[in-house]
Amino acid sequence: MTLRLVEFVVAGNEASDLLPVRSPAVLRAHRARRGFWTVLDEGPVERCLALLLELEDGGWVAHHVPADAGPENGRTEDGEALAHHDGWVYVFGSHFGSKGGPLRPRRAFVARFREDDAALATLPVKVVRNSFRVHRAVNDALAKAPFAPLTPGERVRSRFIVETRARGTVRAKSWVSRLAEDDLPLNVEAAAFAPDGTVLLGLRFPVTAVGEPILVELSGVPEMFTGGQWPRAGRAYALTGVTPPGVLVGFRAVTPTPDGGYAAVVGSIDALGKGSVLLDDHPQGGEVTSRHVRFRWRPGADEHRIAGEVVADLAPFHHVEGLAEEEGACFYVTDEDHRVALWIG
């Protein structure tokens, strides 16, 4: 596949995920014929929303979207995944921590905004921080799965679980009760809504014991914002047929396709050369190039294994963070230092 590069500088930060703009009002406001949302993954969510826009004359520009999260301003970090549902754009935090741990409560959040509102001067964003409730629900789902998740190394368990519990205990945090000593640290990197409102969460970590990416059903996400309810995890699934022999592969992006299926990017479980405790314990998850894959899933499926198909090997890229398929073209965004790189093929 031959790819064309379009580079942007957006607030001096790198991008996570890629979500097509569906709102005609937003495109009209920017005189654009096409656009994508991305989230800049280092700061609070209200400072990290951006549009990558193809203008009517064919040129590309980036627009850093001013937003306001009200009382939650400055209280989140590390937005990783974007998804559409019912006119809203949802932003999912990683629910993870820094490369060396511990888990960070600021990353355990979901935010949303009305996409049409992005045509306004300042975008209102609603944030719900879940205090590790999603962590608990997903870990319970993984414990019930008929496949075995990868057992974390002792250093991973100590840095991400033991240390998080210890810090929370010292600070008398109520969320400590939602962390168990044998939990798996979660790194949420991908999300897509099914038509019934179920979210498919794509995990970068954990993976299965044989290195396959894991999806988890999460229901009740919109109700977090309307009814004060907390999400519930359903089945966990292993995606088969997309992991090269001898390595560990996690999700980097998931997006619905017009035929009712899903496209995804899979790749390394963490970045090389950045002091990752995960890679110290599991080095076979680092030197892995990204792959563009497809699969089909339906609500209530009885099988816990989903067959995946490799569409394209994206070597030499190790760090593809987002994917969109539109009008026969593929769009990828890569995690680059101090820039946003959009590749079109």
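For the structure itself, consult the block above.
What counts and what doesn't
- Residues numbered from 1 in each chain as written.
- Predicted model: local features only at pLDDT ≥ 70, side-chain atom pairs only at ≥ 80, totals over all residues.
- Heavy atoms only, no water.
- Phe/Tyr/Trp six-rings, centres within 6.5 Å; stacked < 30°, edge-to-face > 60°.
- Helix = DSSP H or I, 4+ residues; strand = E, 2+ residues; numbered from the N terminus.
- Contact = heavy atoms within 4.5 Å.
- Pairing = 2+ DSSP bridges.
- Axes fitted to C-alpha atoms, helices over the stretch in contact; angles between N-to-C directions.
- Expected span 1.5 Å × (residues − 1).
- Buried < 20%, exposed > 50% of the residue type's maximum accessible area, 1.4 Å probe, protein only.

(A) Just the packing of aromatic side chains, in detail. A full pass over the atoms with the stated rule returns 11 aromatic pairs. Measuring from ring centre to ring centre gives 6.4 Å for Phe251 and Phe295, while their planes differ by 65°; the resulting arrangement is edge-to-face. You can see Phe251 sitting in strand S16 (residues 250-256) and its partner Phe295 sitting in strand S18 (residues 291-295), a full 44 residues away along the chain. Three or more aromatic residues link up through ring pairs in this structure, and these residues are Phe251, Tyr262, Phe295 and Trp297.

(B) Up close: the side chain of Asp335. Looking at the element boundaries, Asp335 is found in strand S21 (residues 329-336). Setting aside residues no more than four positions away along its own chain, Asp335 makes contact with Glu14, Ala15, His319 and Glu321.

(C) Quick look at the sheet that holds strand S1 (residues 4-8). Strand order across the open sheet formed by four strands is S1-S22-S21-S20, with antiparallel pairing between neighbours. Single-partner strands in this sheet number two, and they are S1 and strand S20 (320-326). Neighbour-to-neighbour, the strand axes of this sheet turn through a mean angle of 20°, independent of strand direction.

(D) Summary view of the environment of Val39. Within the element layout of this structure, Val39 appears in strand S3 (residues 32-40). Along the backbone, Val39 and Leu18 are 21 residues apart, and their C-alpha atoms lie at a distance of 8.0 Å. Non-local contacts of Val39, meaning those with residues more than four positions away in its chain, are made with Glu14, Ala15, Ser16, Cys48, Gly79, Glu80, Leu82 and Val91.

(E) Examining helix H2 (residues 133-144) more closely. For H2, spanning 12 residues, the distance from its first C-alpha to its last is 17 Å, which sits close to the expected 16 Å at 1.5 Å a residue. Of all the positions in H2, only Val134, His135, Ala137, Val138, Asn139, Ala141 and Leu142 are classed as buried. Looking at the buried positions of H2, the neighbouring elements they touch are helix H3 (154-170), strand S13 (199-205), strand S14 (214-219) and strand S15 (232-240).

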